[in-house]
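# Survey of secondary and tertiary structure
Chain residues, written in single-letter form:
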Amino acid sequence: MTQFNNVSGIFPHLSVSADVLPFRTECGIGGLMSWADRLWMITYVAHYGEGSGLYEIDHNLNMRKHPESVVGTYANRLIHSASNSIIIGPHIIDHKGNVRTIDGVKDYRLAATMEHLTDPQNKVYFLSMEGPMLEVDLNTFKTEVLFDLTEELAVAEKYQNAMAKASTMETDKIGNNVIANRPQPHFKAGHTAAGRVVVANNTFSELDHTGEHQGGRLAEWDGKQWTIVQRTAFNEVTGRKNWGEVIFATGWDRASAIMMAFINGEWQKYRLPKASHNFEHFWQTEWPRIREIETERYMMDASGMFYELTPVPFRNKIWGIKPVCSHIRVIADYTCWKGMMVMGSNQTSPVGDTNLVTGYPESNLWFGKPDDLWQWGKPAGWGGPWWEEEVKANLPSDPYLMTGFDKKVLHLTQKSEDEVTFKLEVDFLGDGSWVIYDRVKVQADGYVHHEFPTGFSAHWIRVTPDLDCQATAYFIYT
């Protein structure tokens, strides 16, 4: 057996790269799947470039680029139970490791593959980053575009209006595409469960932050019509097929990270701290995921923080969530293989020489144990339910995570002609059992802060005003 160099869980010989000609692009690791006694890895370039593709790694850590490999932007993966195959990128791989390529989808930038609503034995859906949603017959590979989701979800019109308003525009030397700081469709995830297909679009830029545009979407399709669940950026949607088929989705707005949970026919909204502003723009999120890294145990990556997450609801609530660590890695996927946690990233990306001190586009895997994550950055972050929001009297805010952090402070401002009293309630059981912690008075157009006692915590906290006003409620955990 060949002995390979190992540097803190990284094996240099497993790095993947894209060509530097005709253009320097990026090379991220978009998807990882354990299958047919191998670890399969799909990599991606940006909108252009050569290199990357489908790789397989054996138990001796020998890696080869598969002959069926094609170049593209792929981050989709799914087990198709009926055919005992996996789908990763535009490829379908049977239980013996035989690979075929679906030509009808290989030219799309693939973000997700989802089970079919009415014919899961024979068909699947593919979601592309630019919005087309396709149906593929896995017997014939017949491919049909079902929707342009930029139109179905009213993204295209808002996108065009925002483009017209943009004051600064630059032209990309490579593709003559406008690359100013403006919103673009950027679908990142899809999942089928509970009789619906749920998709996530993480469009978010300066115009979203200032409130001029709302390009992000969490939306669902029941086979008849589309419904928009949330109008802000979402990166991930997933879930198990048992224990009530809870669907989880993660995203963010300018106030905080967001976790949605679909339980017994209803969406519930929770808010989480942001560990870093490095994940604010939609181009900076490639692709934070929720994955089962040990049997029936989830790990969730959201806004630069990993969390433990239970897939099981109790009393129609998700209470088992705990911060593990903070980080600034661009982690596109992670999985378990041969008893190890394997993490794929997007690491060195010149992307048309926009970064003039980064040369060769390449990324690599990290091998470790789930418990190693506790040695990363200590959990800390900021955010809240309101950022200059018009809030209504006696209407509570969304629940905001409180557990698992050391020192905590709340900043409160309000703009109105009257003094406003804010009721602070905590849920220390995590099941929606709210009790009053305190009441804080804020003068007209005023500001106060509240420092929580050392060691005080609860699962969730929420804020309720006694008068209508424009308010900011922002927690900083250190």
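Our subject is the structure that appears above.
A short tour of the structure in this document, coming up. (Residues numbered from 1 in each chain as written. Predicted model: local features only at pLDDT ≥ 70, side-chain atom pairs only at ≥ 80, totals over all residues. Heavy atoms only, no water.)

The subject of this paragraph is the overall build of the protein chain. Helix and strand content of the protein chain: three helices and 37 strands. Here the C-alpha radius of gyration of the protein chain, 23 Å, is about what a compact globule of 478 residues would show, namely 23 Å. Seen through its C-alpha atoms, the protein chain measures out along the principal axes to roughly 70 × 50 × 50 Å. In the protein chain, which comprises 478 residues, the share counted as buried stands at 56%. Looking at the protein chain alone, contacts between residues at least 24 apart form 61% of all its contacts between residues at least 6 apart. Just so you have it, the protein chain exposes about 20,400 Å², and 47% of that area is on carbon and sulfur atoms. Here the protein chain carries 44 positive and 59 negative side-chain charges, and the mean point of each set is 3 Å from the other. (Helix = DSSP H or I, 4+ residues; strand = E, 2+ residues; numbered from the N terminus. Rg over C-alpha atoms; globule rule 2.2 N^0.38 Å. Buried < 20%, exposed > 50% of the residue type's maximum accessible area, 1.4 Å probe, protein only. Contact = heavy atoms within 4.5 Å. Areas by Shrake-Rupley, 256 points an atom, 1.4 Å probe, with all protein chains shown as cover. Lys, Arg positive; Asp, Glu negative; His and termini not counted. Charge placed at Lys NZ, Arg CZ, Asp CG, Glu CD.)

Okay, the environment of N316 next. Relative to the elements of secondary structure, N316 occurs in the loop between β24 (305–309) and β25 (321–326). Taking C-alpha positions, N316 is 9.6 Å from G244, a pair spaced 72 residues apart along the chain. In this structure, N316 is in contact with I263, N264 and Q268, ignoring residues within four places of it in sequence.

A cluster of nonpolar side chains, F428, L429 and V435, forms an exposed patch at the surface whose accessible area comes to about 280 Å². Here L429 lies in the loop between β33 (420–427) and β34 (435–442). (Patch = residues over 30% accessible without salt bridge, like charges linked within 9 Å, V, L, I, M, F, W, Y side chains within 5 Å. Salt bridge = Lys/Arg side-chain N within 4 Å of Asp/Glu carboxyl O.)

Strand order across the open sheet formed by four strands is β6-β7-β8-β9, with antiparallel pairing between neighbours. At either margin of the open sheet sits one strand with a lone partner, and together these are β6 (77–80) and β9 (99–101). Strand-to-strand twist of the sheet, defined as the mean angle between neighbouring strand axes without regard to direction, takes the value 20°. Two elements, strand β8 (residues 91–94) and β9, share three bridges in a ladder whose sense is antiparallel. Each bridged residue has a counterpart across the sheet, and for I93 the counterpart in β9 is V99. (Pairing = 2+ DSSP bridges. Axes fitted to C-alpha atoms, helices over the stretch in contact; angles between N-to-C directions.)

Any functional reading would require information beyond the geometric quantities listed.
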